[in-house]
Amino acid sequence: MKRLRAFVNGVDIQRFRTWFQLFAFVLLVYSGYLYIDLGNSLPVFACGFNDAGRGGVCYLLPLQHQTHIPWESLFSWRALGLVTGFLTFFAWLLVLNKAWCGYVCPLGAIQDWMTALRRRLRLRYSVYSLESFTRLKKVKYILLVLLILIPFAISNPVEGLPHVPEDMATPFCTICPARMVIPAFTGDFSQWTLDFSTVTALVMTSLGMAILGIFFVGALVNKRFFCFFCPMSALQALFSNIALLKLRKDGDKCTRCGDCYRVCDMQIKAIADDVERKILIEDDCMMCLKCVAACPEEGCLKATFMGIPVYEATEEGFFRRQQRRGGE
Amino acid sequence: MSAVPQGGRRAAVLAQQIRESAQALATLEREFPDNPAAMDYFYKLFHRVYCEGERAQPEGTLVGTTCVQVPDEIVRAAGGIPVRLCSGSHAFDQAGADFMPAKSCSLVKATLGLLQDERPAWLETLDRVVNLTTCDQKKKAGQMMEDLGCQVHHLEFPPSKDSEPARAFWRASVRDFVRAAERMTGGRVTRTSLRESIRAVSRAQAAYRRLQRLRAESPALLLGKDAFLVTNAYFFDDLERWTGAVDALVAELEARREAGVSAALRRAPRILFTGSPPVFPNLKIPVLVEQAGGVIVADETCSANRMLNDAVSVDEWNLYDMVDAVADRYLKPCTCPIFTSNGDRLRRLLDLARTHAVDGVVYQAFAGCQVYEMEHHSVSRALAEAGLPCLYVETDYSPDDVGQLSTRVEAFIESLRSRRRRSR
Amino acid sequence: MPEFRGALPLAPLLLLPALAAATEPLWFSDLPPTAEWTEKTLRAHGGLVERGRGGVSVKRLWLRAGDDPAHASYLPMPAGEVVAEGPEREPVAPKPFSAEAGGGIRFEMPEEGFYNAYLLSREVRDGTLETRVVKAEVLMHSCANGHDRRFTEGRMPPRVTAGVPFELVRERKPDEDFHSRAASGEPIAFLALNQGEPVAGAEVRLISNTGWGKTVITGPDGRAEFRMVRDYFTDWPEFDKRRRQDYLVLAEYRRPLEGELDGRPYAQAHYSATLAGTYYPAEPEYQSYLYGLGVMLLAATLSVGGVYHYRLRQRRPERRETFDEKA
Ligand code: SF4
Ligand code: SF4
Ligand code: SF4
Ligand code: SF4
Ligand code: SF4
């Protein structure tokens, strides 16, 4: 048991994660061909527009459909879909917590591949200044609120207010880069178009394509560029504290060396600076556990599942990784 | 500075330095029974370097550094060999008094004393120094080193470490230093050379941590005086050889543990050492503590723990990230008292005390080292809150106060002993 | 046409002489005759539905007469039974209804997939056996039921109903699923089948609600392929990509057949069948890849420029802070 622990803690988490992400990517993007279906409440961007290959569907898609519901129906059987959809989403989230983002999300994996590409090209990455970071991280909450409110507003027009056009029925999907990127992996480029049918559709699809362009450049320059703005991450964050997988910190052992912060793709400063909180899952965190791997202090950072440590910072593991990595 | 000492006086200084080194070595080696055999490497090394003036380093340009926060990895990547110039010699301390006011820090004075015309043989060729702008005394010493004919790079260090601008400033400073180091050595910092130097230092740190891990055990397996000698050797020894020697020591200590051999009695009070750094041959306080029956199991000083504990963590093994990673490692975890806040130092002390089952703390402050003197209050308050007795010792490199100090140290150790008995 | 009102129910094959006597083609449509009725409907993937008890989708099909889908009149439903079956070949019992504005049938659709409903009649006239089949193929799909592909694929293929003498079947496209719709400008094909066997030489006519029509004679495979007309042209601001248009398909053929029905002999048989459907503007009419790529590349180029500029600026530390001189 002890040896197993030591082995696990010595694991190069980045390599493990890369393989896991690849597996998850194939599962979510291609396994539809094998009729695998994990349902449509997944807490990651397993894009529903990838009709042919998807092995499950991103929860935001049904959520936007389900909130497209008249007020009266909220208290009828029709709200059942909303409730079961949410409960399924919640059950998924409960297990892996934000590690869905770090380990499963296909769009997350694509961004990590772009990071790997940049690294090979030896281009340096950019980071946000602390102020822009604090400002930008609010965007995802705004998007989340909008993607729920807009469909609801379509179904519940208010006297006196302008009517929200039907083309805004899935407002986030139209501007979500995954809608273009993920289906492209099964050769489906049908989403890469501008829709001239109405002004709203034109504006929204143009916005979508522009965001796609920014996504490609952004993800090449910033690590996990899109995840800062991802409303799924915001939705997960609301419940991440009750999930079973946790990222814990023993502040007494922390030297505040910042090693964890500097490897964090999400620029989470608290992971290094906060020595008070025992559970340190910030809203942007994707539980990639890179920070755990980068922490040289024995037992300072650890990931636990239902209280049982699954991956822990150890001196031995740290120094082993330090020698092994960087072959590229 | 006009006070260039005459040749005769200089020779006397060197002779005195050799004498005190030999004497200190004799104390460390002979006055304690049953030293681990692997320590012989270190005793001999110090003898060769300090008494015979032999050079321990391989071929290459020596680059003197005056602080643990000078990034060794970069000097090494540029092809240089970093040598830490902080000296513990009373002879050099006296010689250095020509430059600095009498009331200033012994360590700074000794470093200046060391750099004067006639140096120990192995240091003769050294004329490149990286001086870090930490405390006022070191800052000003940089200029004096230039006057002594050294080519000095003033590596600018921020006075605070918590803010992002401080981090950015230091990163920029270290990036400039990469170029400066290249100029000093004529070498080039490349992706491969920096990666290899980071890894080599990291291997040394891993060895140090293995040793430190053993020191946490009870009864103690290694005396603090030996541990300080080991870390002191890191100042000037060949890196790979040093790592090998530490690994040998670790192996021997592990074997001793299996055989039930320990370096101190189980009831010997366990001491955490903090404050101004003990540097050979000035191991006065550690020796007094252990002669009195205590055992130093951990330290928070820049000649040992602070120098070797914290590790570089690289995310992308390209220069842009490696250089920043090196920079971060020398700023963020640093517990030096020159910073505006000392919260990290307090937490570090308390953590070491906890993990090493420490009974009491010995706080050394060199007379004239204002920053350590100033932090004494906050530190002893925090220690008192944690129920840890602390002995505050203000001293310098002169042997004059040994008698008086030994009485205080003995009394302190005795009080720890009786405290232990009571708590049992 | 009041003569239909008192028609007798005839089992088992619902021989409705009165219906057969009508010369105009009859067909089923889900488009309600009045705004009042439209209000009761909801848009669903298979067309207009009503909400039944317990949330079950209910389909209401109106009987219409005439070969112009835009103007065909609504008829009251003759009393009697119809044949219908659900996606799993389970029999469904549609309820006839009659209203002021017209009549038809109505049935619940608890299952996902295609429902087939028929109104059948046989009659001998002038020594010819006249057989009429009015068919509706209705898709039931709600996204709330999920999109299990294996399930969907299993329920995609068209079915023929046993005992129906002649019917039209819309051929599926290879990548068709429950979300697919027929689109203008795209090919659409039908099979004319007699008890499941292809009928060669049948005359198949497709008519759109803009009055466009085309006739095709089936080959030995019983297949009739059309390219759906592009007949929706409008100014851009009025363009509606969800604009529904109706089409109607009529098929008939004759063959020598000797026999006797209700004591009336005949020497040949004449079969006719109808099937109605909807189509929408095709995506290429309002979507553009070229502009899409253009916008993306423009955004990407601007981003590259932005990053480059930012990095240049970062190199000059003294420029990092700027002050507002006007404040
Ligand atoms: S477009 Fe984005 S939000 Fe919509 S289903 Fe796809 S991944 Fe989810
Ligand atoms: S935050 Fe990133 S990884 Fe998580 S769901 Fe969004 S895109 Fe995927
Ligand atoms: S890497 Fe570990 S010790 Fe360093 S700041 Fe992070 S948590 Fe603290
Ligand atoms: S805090 Fe740690 S687990 Fe969370 S994103 Fe950063 S590196 Fe990954
Ligand atoms: S002991 Fe204090 S004053 Fe002296 S060099 Fe060190 S930090 Fe500076």
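Parameters and conventions
- Residues numbered from 1 in each chain as written.
- Chains lettered and ligands numbered in written order.
- Predicted model: local features only at pLDDT ≥ 70, side-chain atom pairs only at ≥ 80, totals over all residues.
- Heavy atoms only, no water.
- Near = heavy atom within 4 Å.
- Helix = DSSP H or I, 4+ residues; strand = E, 2+ residues; numbered from the N terminus.
- Nonpolar A, V, L, I, M, F, W, Y, C, P; charged D, E, K, R; others polar.
- Phe/Tyr/Trp six-rings, centres within 6.5 Å; stacked < 30°, edge-to-face > 60°.
- Lys NZ or Arg CZ within 6 Å of the ring centre and 35° of its normal.
- Contact = heavy atoms within 4.5 Å.
- Buried area = accessible area lost by both parts, 1.4 Å probe.
- Salt bridge = Lys/Arg side-chain N within 4 Å of Asp/Glu carboxyl O.
- Polar contact = N/O pair within 3.5 Å; in protein donor to acceptor, adjacent residues only side chain to side chain.
- Pairing = 2+ DSSP bridges.
- Axes fitted to C-alpha atoms, helices over the stretch in contact; angles between N-to-C directions.

What is the right way to read the site of ligand 1 from this model?
Residue and element names in this part refer to chain A. Around ligand 1, a shell composed of Phe-45, Cys-47, Gly-48, Phe-49, Cys-58, Leu-60, Leu-61, Phe-172, Cys-173, Cys-176, Ala-178 and Arg-179 is seen. Within the residue set of the shell around ligand 1, elements represented by two or more residues are helix 3 (60–66), helix 9 (171–175) and helix 10 (177–184). Considered class by class, the residues forming the shell around ligand 1 number 10 nonpolar, one polar and one charged.

Whenever I open this one, the packing of aromatic side chains confuses me. Can you help?
One pair of aromatic rings is described through two measures. These are the centre distance and the angle between the planes. Overall, the coordinates contain 55 aromatic pairs over all chains when judged by the stated rule. By way of ring pairs, the aromatic residues Phe-45, Phe-172, Phe-189, Trp-192, Phe-215, Phe-216 and Phe-226 of chain A are connected into one cluster. Over the aromatic face of Tyr-125 of chain A sits the side chain of Lys-223 of chain A, whose NZ or CZ is 4.2 Å from the ring centroid. Seen from the ring of Phe-97 of chain C, Arg-60 of chain C lies directly overhead, with NZ or CZ sitting 4.6 Å from the centre.

Would you mind showing me how to read the interface of chain B and chain A here?
Accessible area lost upon the coming together of the parts is a frequently used measure of interface size. Listed by partner, the interface residues are 36 residues for chain B and 39 residues for chain A. A combined buried area of about 3,300 Å² lies between chain B and chain A, and 41% of that area is made up of carbon and sulfur atoms. Area buried by chain B at its contact with chain A is led by Arg-209, Asp-315 and Arg-347 of chain B, which between them contribute 19% of it. Linking chain B with chain A are 13 salt bridges, by the criterion used here. Measuring nitrogen to oxygen at the nearest pair gives 2.9 Å for the salt bridge that ties Asp-162 of chain B to Arg-256 of chain A. Inspection of the chain B/chain A interface yields 24 residue pairs in polar contact (both at pLDDT 80 or more).

Explain the site of ligand 2 here, please?
Every residue lining ligand 2 is accounted for by Cys-101, Cys-105, Gly-108, Arg-224, Phe-226, Cys-227, Cys-230, Met-232 and Ser-233 of chain A. Classifying every residue of the shell around ligand 2 by side-chain character gives six nonpolar, two polar and one charged.

How should the sheet that holds strand 8 (residues 390–395) of chain B be read in this particular structure?
Think of a sheet as strands paired side by side through backbone hydrogen bonds, with each pair either parallel or antiparallel. Residue and element names in this part refer to chain B. If you walk across this open sheet you meet the four strands as 6-5-7-8, and the pairing is parallel. Looking at strand neighbours, the two that pair on one side only are strand 6 (295–300) and strand 8, the edges of this open sheet. Between one strand axis and the next, the sheet turns by 25° as a mean value, whatever way the strands run. Pairing of strand 5 (residues 270–275) with strand 6 involves five bridges; the strand directions are parallel. Counterpart to Thr-274 in the pairing with strand 6 is Glu-300. Helix-sheet contacts for helix 11 (residues 284–291) involve strand 5, strand 6, strand 7 (360–366) and strand 8, and the interaxial angle to strand 6 is about 150°.

Explain the sheet that holds strand 1 (residues 61–65) of chain B to me, please; I cannot follow it from the model alone.
All names here are of chain B. Sheet architecture is open: four strands sit in the order 2-1-3-4, paired in parallel fashion. On the outer flanks of this sheet lie strand 2 (80–84) and strand 4 (151–155), each paired with one strand and no other. Between one strand axis and the next, the sheet turns by 30° as a mean value, whatever way the strands run. Where strand 1 lies against strand 3 (residues 128–132), two bridges are found, and the strand directions are parallel. Counterpart to Thr-65 in the pairing with strand 3 is Val-130. Along the sheet, helix 7 (residues 164–185) makes contact with strand 1, strand 2, strand 3 and strand 4, crossing strand 4 at roughly 165°.

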